[in-house]
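Now for the letters of each chain:
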Amino acid sequence: MSCVHSDAAGQMFAAGAPRVIVAGATGFAGALAAHLLWRHPRFELVTVTGRSEVGRRLDQLYPRYRVPLAIEQLSLDGLDRIDAAVVAYPHAAAAPTVGALRERGIRVIDLSADFRLASLDIYEQWYGEHPRPDLLGEAVYGLTELHRERITGAGIVANPGCYPTASLLGLAPLARAGLIADVVIDAKQGVSGAGRVFDDTTHFSMAGENILPYKVAEHRHTPEIEEQLALLRAAAGAIDEVAVLFQAHLVPVDQGELVDCYVTTTRPVGDSELGELLAAAYEHEPFVEVVGAPPGTRDVSETNFCRMFAKTDSHSGKVIVLSAIDNLWKGTSSQAVQNLNLMFGFPETEGLT
């Protein structure tokens, strides 16, 4: 039986537990990651850092998360005994910190977009110059259900965007079977997906009682979805490119995400075959539920689950796949913990069920 210890603040963790920091804990994603790691039985959360609110306790900034650690400035010189870090910085700001952490032998879960794309050219088309292109080859795309084996040994895990998480989980079985000729993704998300920096789109007076499309024909998650679909389709022998039409909307809820995928298939697909494809793909997955009725975001609120439903439209011949997740949990922070579990040899459900 493993020995369980507690620190002065009351965190319970196993003796010899990997020591973890969360860099960027003042944002929504970082704060939730800190919450999940603070209560995790296998990891010791030792530090939370932020570029604002320094000196303030995280449980004062986010009372519901109950993490009684003071927010510190990140000091790379004081990280000799740290095993892993969750980096919750914006794109371009994350990569230099990820690089500095890796130089110290620290394994990293990066929540930004900096390492999600394998292609440097595509990254620079959508995001601009990459701060650490030398690290792209080391990073593993962190959609657990697609890349579990590679995640286990990774030094850098690039946590997926929330929209790609829901979209790719819904589309992966069809892509692996070579059945996607064209896809339109209509995605809706709560305002927490925009982070703590409010603008005219996310301010309550604009978001309340409203549905707002944003980043029309230019959403940065598009190439992420395309790149991963291309890998899945290539495994099925498909070499032609599929251009993804992706459109995001903000809806007047706090958390939650529903993605509707409309697929033109390469051949007719009936409901029976569709059901068998999804069941075979996910029957042993602990956090993916294939259900018999359309899911809602409340079904998966504050969980690491993705709940999906698929049906063939007999009129158009298209396949409709619906995926619901909590954008801050499975779409971001709890998926990061799921990956961290794998990286350190723990059951991937640990601390998440």
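That block above? That's the structure.
### Some points on the overall build of the chain
Item 1. The number of helices and strands found in the chain is 10 helices and 16 strands.
Item 2. With respect to the principal axes defined by its C-alpha atoms, the chain has extents near 65 × 50 × 40 Å.
Item 3. A burial count over the chain gives 55% of its 353 residues as buried.
Item 4. Intrachain contacts of the chain at a sequence separation of at least 6 include 69% that bridge at least 24 residues.
Item 5. Carbon and sulfur atoms form 52% of the exposed surface of the chain, whose accessible area is close to 15100 Å².
Item 6. If you average the places of the 28 positive and of the 44 negative side-chain charges in the chain, the two averages end up 5 Å apart.

### Brief notes about the packing of aromatic side chains
Item 1. In total, this model carries seven aromatic pairs according to the counting rule given.
Item 2. Both rings, one in Phe28 and one in Tyr62, keep their centres 6.4 Å apart while their planes meet at 75 degrees; by these two values the pair is edge-to-face. Taken as a pair, Phe28 in helix 1 (residues 28–38) and Tyr62 in the loop between helix 2 (58–61) and strand 5 (71–72) lie far apart in primary sequence, 34 residues in all.
Item 3. For Tyr62, a relative accessible area of 10% puts it in the buried group.
Item 4. Where Tyr123 meets Tyr127, the ring centres are 4.9 Å apart and the plane angle is 20 degrees; that geometry is what we call stacked. One end of the pair, Tyr123, and the other, Tyr127, are both in helix 4 (residues 120–127), four residues apart, so they sit about a helical turn from each other.
Item 5. Residue class for Tyr123 comes out buried when judged on its relative accessible area of 0%.
Item 6. Three or more aromatic residues joined by ring pairs make a cluster, and in this case those are Phe28, Tyr62 and Tyr65.
Item 7. A cation over a ring is seen here: Arg51 above Tyr89, with NZ or CZ 4.8 Å from the ring centre.
Item 8. Geometry around Phe344 places Arg107 over its ring, the cationic atom sitting 5.3 Å from the centre.

Conventions adopted
Residues numbered from 1 in each chain as written. Predicted model: local features only at pLDDT ≥ 70, side-chain atom pairs only at ≥ 80, totals over all residues. Heavy atoms only, no water. Helix = DSSP H or I, 4+ residues; strand = E, 2+ residues; numbered from the N terminus. Buried < 20%, exposed > 50% of the residue type's maximum accessible area, 1.4 Å probe, protein only. Contact = heavy atoms within 4.5 Å. Areas by Shrake-Rupley, 256 points an atom, 1.4 Å probe, with all protein chains shown as cover. Lys, Arg positive; Asp, Glu negative; His and termini not counted. Charge placed at Lys NZ, Arg CZ, Asp CG, Glu CD. Phe/Tyr/Trp six-rings, centres within 6.5 Å; stacked < 30°, edge-to-face > 60°. Lys NZ or Arg CZ within 6 Å of the ring centre and 35° of its normal.

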